[in-house]
Amino acid sequence: MSQPTLRVLYGSQTGTAQDTAQRIARQARRRQLQVQVSPMDSYNVANLISECLVVFVCATTGQGDPPDNMKNFWRFLFKKSLPAGSLSRLDCAILGLGDSSYPKFNFVAKKLHKRLLQLGASVLLPVGLADDQHDLGSDAVIDPWLTSFWGKAVTLYPTLADVTPLRDDEPLPPTYTFHFLDGVTEKTDDRLSIPTEQPVPSQSHPFPCRLVSNRRVTDVSHFQDVRHIEFDITGSNIEFAAGDVVMMHPRNSAEDVQQFCQLLRLDPDATFRLRATDNAAVPARLPQPCAVRYLVESYLDINAVPRRSFFELLLTFATNELEHEKLMEFSSAEGQDELLSYCNRPRRTTLEVLADFPHTTAELKVDYLLDLFPEIQPRSFSIASSLQAHPNRLQILVAVVSYKTKIHKPRRGLCSTWLASLDPAQGEVYVPLWVKKGTMKFPKEKDTPVIMVGPGTGVAPFRSALQERVAQGKTANVLFFGCRSESKDFYFRSEWEDMTKAGHLTLVSAFSRDQEEKVYVQHRVKENSELLWDLIANKRACFYIAGNAKEMPASVCDALKEAFQQEGGMSAEEAEQMLTAMERSGQFQSETWS
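For clarity, every value in this text was computed on a predicted model and none was experimentally measured.

**Comments concerning the domain arrangement of the chain**
Point 1. If you check the domain split of the chain, you get domain 1 (6-160), domain 2 (207-249 + 378-436), domain 3 (254-372) and domain 4 (450-592).
Point 2. Centre-to-centre separation of domain 1 and domain 3, based on C-alpha positions: 27 Å.
Point 3. The interface of domain 1 with domain 3 comprises 12 residues on the first partner and 12 residues on the second.
Point 4. On the domain 1 side of the interface with domain 3, the three residues burying the most area are Asp19, Arg26 and Leu136, jointly 42% of the side's total.
Point 5. Summed over the shared surface of domain 1 and domain 3, the number is four salt bridges.

Laid out in structure tokens, this is it:
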């Protein structure tokens, strides 16, 4: 039997599944296999009937949802009209990437596995369920799963056993080649010009929105800088409702761009054209021709904590013995604890790693930049305003991420730090944006009450909902808001007070540090069990949670179930069943982030 072409299809939201898919493709190339890698939505799913070997790598997002770049694939695959044996020629394997702290752990991979079996596909090995919560991260599952996969592939295609794979430290050809141009300036690609016929903004066509204001809303003495940021969306065709999110691509700082170019001996003002070495498409976000400065500032993620694949690629350039040895260790399954200690736990950035491996960095070839450094992923923020209260405006609430690890320099969030640095007082600032439907849906019926639990910046989508509901005459609103201190981080206080005075809102607040005993929103939920039971059991109120995924959502759910037991005379099991039923019907919704 001749060697197959391996097709690797991925669904990725944050880039991790894409990185894993590319890692599988590199392993295939080292085995001299023909391999094609693509996001599921860029692949014509009807071609699956003629594929012979496919690996599906998929993440699970939100409340058990497929990533954005596999949604069309997902819809097609679950069509009831597909015949039961339509994939009977297909040999495949499914690798799921998930986080067991979420209730629907690896839901997409499990559901895809079940559907492929229904359609007659032959699944070569048990579905891989990688878990971010494992001490050694996802690789604790991925490594043995891949070993098992290649074993099955050799059994299916015995000629693979005759091939001597390339060594791990031998370089593979780059995906693209750079062709530098003399005397050619960068094509601006109309990145900030406003097109005359504007489609609805999307990831491929964001709209450059003017930054109107960028205001700190926490007291200067408060440990955290939180910003209330407003954009002018006039003429953009952007529309949104409560619960929707705004998306944007952040940029690296000028200081980091300069350091990167110095380390790699790149001229930031040089311009180049990219050419694909295989049949890969040139990234749509990069203008042709493109300046090195734009590539590094807006596209290459040089501030992320590098994944293992980065060290595997870096290894192929290492000529210094000490650096080669260390990179070999970081690339191996046995060296993963060492890598976690060096990189993940202290949150060391790619840029800092390059500085730690100066000999290898000096050997890097420019053609490999897009293989080494992933694309900056878009960031999402809950929209904190309603068009009914603020026409032509879009507002967000952003906590500027900054924290210490054992590394001397504080760790900073790429997007929040970049946003905080934008100052419209220094001249006009435009940020390309697009809007995505959120997971939270608010009731259309006028009389259905809503109960919202939104501590900290989790209150953002509820401000949008309250502005929208008040404008529509929906006044049965309860908000549980929590923060550290009434005087330092009580976001939108005057607005809540005005709504309360007008009879449009019942506000219950929890200030955790204003007294000796810490008081959180879950304590306030417990104290208000009678009100909540009446609203939920008698008036069919909808219940919402938004905020940090750490402990708050589970604690609020426990307090709610206690209320059901106390006020409704339920057993613990019945309270659990009631909450599950509410979740299934959409009466209970949550949007949390880690």
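**Considerations on the packing of aromatic side chains**
Point 1. Applying the stated rule across the entire model yields 23 aromatic pairs.
Point 2. Pairing Phe149 with Trp150 gives two aromatic rings, centres 5.0 Å apart and planes at 65°, and the pair type is edge-to-face.
Point 3. Seen in terms of ring centroids, Phe178 and Phe272 are 4.6 Å apart; in terms of plane orientation they differ by 40°. Their pairing is tilted. One end of the pair, Phe178, is in strand S7 (residues 176-181); the other, Phe272, is in strand S11 (residues 271-276), and 94 residues separate them in sequence. Judged on exposure class, the residue Phe178 and its partner Phe272 are both buried.
Point 4. Three or more aromatic residues joined by ring pairs make a cluster, and in this case those are Phe260, Phe310, Phe311, Phe330, Tyr342, Phe357 and Phe373.
Point 5. Here the guanidinium or amino end of Arg31 rests over the ring plane of Trp150, the centre of that ring lying 4.4 Å away.
Point 6. In this structure, Arg463 is placed above the aromatic ring of Phe492, and the distance from its NZ or CZ to the ring centre is 4.3 Å.

**Observations regarding the pattern of salt bridges**
Point 1. Following the criterion strictly, the structure yields 32 salt bridges and no others.
Point 2. Note that Glu230 and Arg393 form a salt bridge whose closest N and O atoms lie 3.8 Å from each other. Placement of Glu230 in strand S9 (residues 226-232) and of Arg393 in strand S14 (residues 393-399) is noted, with a sequence separation of 163 residues between them.
Point 3. Residues Arg493 and Glu497 are paired through a salt bridge, measuring 3.0 Å at the closest nitrogen-oxygen approach. Highlighted residues: Arg493 and Glu497, both in helix H15 (residues 493-501), separated by four residues, approximately one helical turn.
Point 4. By relative accessible area, Glu497 is classed as partly exposed at 32%.
Point 5. Each of Arg23, Arg26, Asp139, Asp143, Arg308 and Glu312 takes part in a single network of salt bridges with overlapping partners.

**Overview of the environment of Gln3**
Point 1. You can see Gln3 is positioned in the segment before strand S1 (5-11).
Point 2. Separated by 156 residues in sequence, Gln3 and Thr159 have C-alpha atoms that sit 6.8 Å apart.

**Looking at the pairing of S9**
Point 1. Most of S9 sits inside the fold, with seven of its seven residues counted as buried.
Point 2. Along S9, one buried face is formed by Val226, His228, Glu230 and Asp232 and the opposite face, lined by Arg227, Ile229 and Phe231, is buried too.
Point 3. By the bridge criterion, six bridges tie strand S8 (residues 207-216) to S9 in an arrangement that is antiparallel. Following the sheet pairing, Arg215 is matched in S9 by His228.
Point 4. In the sheet, S9 pairs with S14 via seven bridges, with the strands oriented antiparallel. Counterpart to Val226 in the pairing with S14 is Ala399.

**A closer look at helix H13 (residues 414-421)**
Point 1. For H13, a buried count of six out of eight residues is recorded, marking the element as mostly surrounded by other parts of the structure.
Point 2. Among all positions of H13, only Leu414, Cys415, Ser416, Trp418, Leu419 and Ala420 are buried.

**Some points on the sheet that holds S7**
Note on sheets: strands pair through backbone hydrogen bonds, and any given pair is parallel or antiparallel.
Point 1. Spatial strand order, S7-S11-S12: three strands in an open sheet with antiparallel pairing. Looking at the sheet topology across the chains shown, the edges are occupied by S7 and strand S12 (290-291).
Point 2. The sheet contact formed by S11 and S12 spans two bridges and is antiparallel. Opposite Thr271, over in S12, you have Ala291 as the bridge partner.

**Description of the sheet that holds strand S10 (residues 245-248)**
Point 1. The sheet built from six strands is open, its strands ordered S13-S10-S17-S8-S9-S14 with antiparallel pairing. Strand pairing shows two members of the sheet lacking a second neighbour, strand S13 (379-382) and S14, which therefore form its edges. Across the sheet, the axes of successive neighbouring strands diverge by a mean angle of 40°, strand direction being ignored.
Point 2. With four bridges joining them, S8 and strand S17 (residues 430-436) adopt antiparallel strand pairing. Among the inter-strand pairings, Arg210 is bridged to a residue of S17, identified as Tyr430.

Conventions we followed
Residues numbered from 1 in each chain as written. Predicted model: local features only at pLDDT ≥ 70, side-chain atom pairs only at ≥ 80, totals over all residues. Heavy atoms only, no water. Domains from an automatic or database assignment. Contact = heavy atoms within 4.5 Å. Buried area = accessible area lost by both parts, 1.4 Å probe. Salt bridge = Lys/Arg side-chain N within 4 Å of Asp/Glu carboxyl O. Phe/Tyr/Trp six-rings, centres within 6.5 Å; stacked < 30°, edge-to-face > 60°. Helix = DSSP H or I, 4+ residues; strand = E, 2+ residues; numbered from the N terminus. Buried < 20%, exposed > 50% of the residue type's maximum accessible area, 1.4 Å probe, protein only. Lys NZ or Arg CZ within 6 Å of the ring centre and 35° of its normal. Pairing = 2+ DSSP bridges. Axes fitted to C-alpha atoms, helices over the stretch in contact; angles between N-to-C directions.

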